[in-house]
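Reading the structure
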Amino acid sequence: MALKDVENTEEHSLQVFIHTKPVSNAETTALENLGVSGVTNGKEVFTATLSPSAISQLSDLPWVEHVKLSQTLHLANQHYGMKRVSLL
């Protein structure tokens, strides 16, 4: 659904988790070519900011188990002010 909301399919604007089978050298290179950084052999979960086009390409690879959109995180207690505490 998020892929349809992006106007430029080549813009790296979607933060995703990529779950794979353990990656080899060739698969490491494929991930790096699509814009995934920090790829190491044997790792199975990666994070990246990718374009819809790159996500579509990843989805077609047999060793990619799934790609999940990251949720927007908010700071805890963002709407609450700090309270003063008096110690006696």
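Here, the structure is the one placed above.
Report follows, based on the coordinates.

Definitions and limits used
- Residues numbered from 1 in each chain as written.
- Predicted model: local features only at pLDDT ≥ 70, side-chain atom pairs only at ≥ 80, totals over all residues.
- Heavy atoms only, no water.
- Pairing = 2+ DSSP bridges.
- Helix = DSSP H or I, 4+ residues; strand = E, 2+ residues; numbered from the N terminus.
- Axes fitted to C-alpha atoms, helices over the stretch in contact; angles between N-to-C directions.
- Contact = heavy atoms within 4.5 Å.
- Buried < 20%, exposed > 50% of the residue type's maximum accessible area, 1.4 Å probe, protein only.
- Arc of directions from axis to C-beta.
- Core = buried A, V, L, I, M, F, W, Y, C linked by side-chain atoms within 4.5 Å.

**Section: the sheet that holds strand β1 (residues 14–20)**
- One open sheet accounts for three strands, arranged β2-β1-β3; its pairing is antiparallel. Here the strands that pair on one side only, and so sit at the sheet edges, are β2 (45–50) and β3 (64–69). Averaged over all pairs of adjacent strands, the angle between their axes in this sheet comes to 25°, without regard to strand direction.
- Bridge analysis of β1 against β2 gives six bridges, and the strand direction is antiparallel. Opposite F17, over in β2, you have T47 as the bridge partner.

**A closer look at the side chain of T20**
- By the element assignment, T20 lies in strand β1.
- If sequence neighbours within four positions are ignored, T20 has contacts with K43, E44, F46, W63, V64 and E65.

**Quick look at the environment of I55**
- Mapped onto the fold, I55 is located in helix α2 (residues 52–59).
- Classification of I55 by relative accessible area gives buried; the value is 6%.
- Each C-alpha atom, one on I55 and one on V67, is 7.5 Å from the other, the two residues being twelve residues apart in sequence.

**Section: α2**
- Of the positions making up α2, those classed as buried are P52, A54, I55 and L58. Projected down its long axis, α2 carries its buried residues within an arc of 160°, all on one side.

**Comments concerning the pairing of β1**
- Along β1, the buried face is formed by L14, V16, I18 and T20; none of Q15, F17 and H19, which line the opposite face, is buried.
- Relative to β3, β1 runs antiparallel, the two being bridged by five bridges. Bridging from a neighbouring strand, F17 pairs with K68 of β3.

**A few points about the nonpolar core**
- Among the nonpolar cores identified, the biggest contains 16 residues, and I18, L31, V36, F46, L50 and L58 are the most heavily contacted of them.
- When contributions to this core are tallied by element, the ones reaching two or more residues are β1, β2 and α2.
- Sequence-distant contacts of L50, defined by excluding residues within four places in its chain, comprise E11, H12, S13, L14, V16, I18, L34, G35, V36, I55 and L58.

**What to know about helix α1 (residues 25–33)**
- Among the residues making up α1, those that are buried are E27, T28 and L31. Relative to the axis of α1, the buried residues are bounded by an arc of 105° and lie together on one face. For α1, exposure combined with an orientation more than 90 degrees from the buried face picks out N25, A26 and N33.
- Elements that come into contact with the buried residues of α1 comprise β2 and α2.
- Downstream of α1 by a residue or two, G35 has a phi angle that is positive, lying close to 110°.

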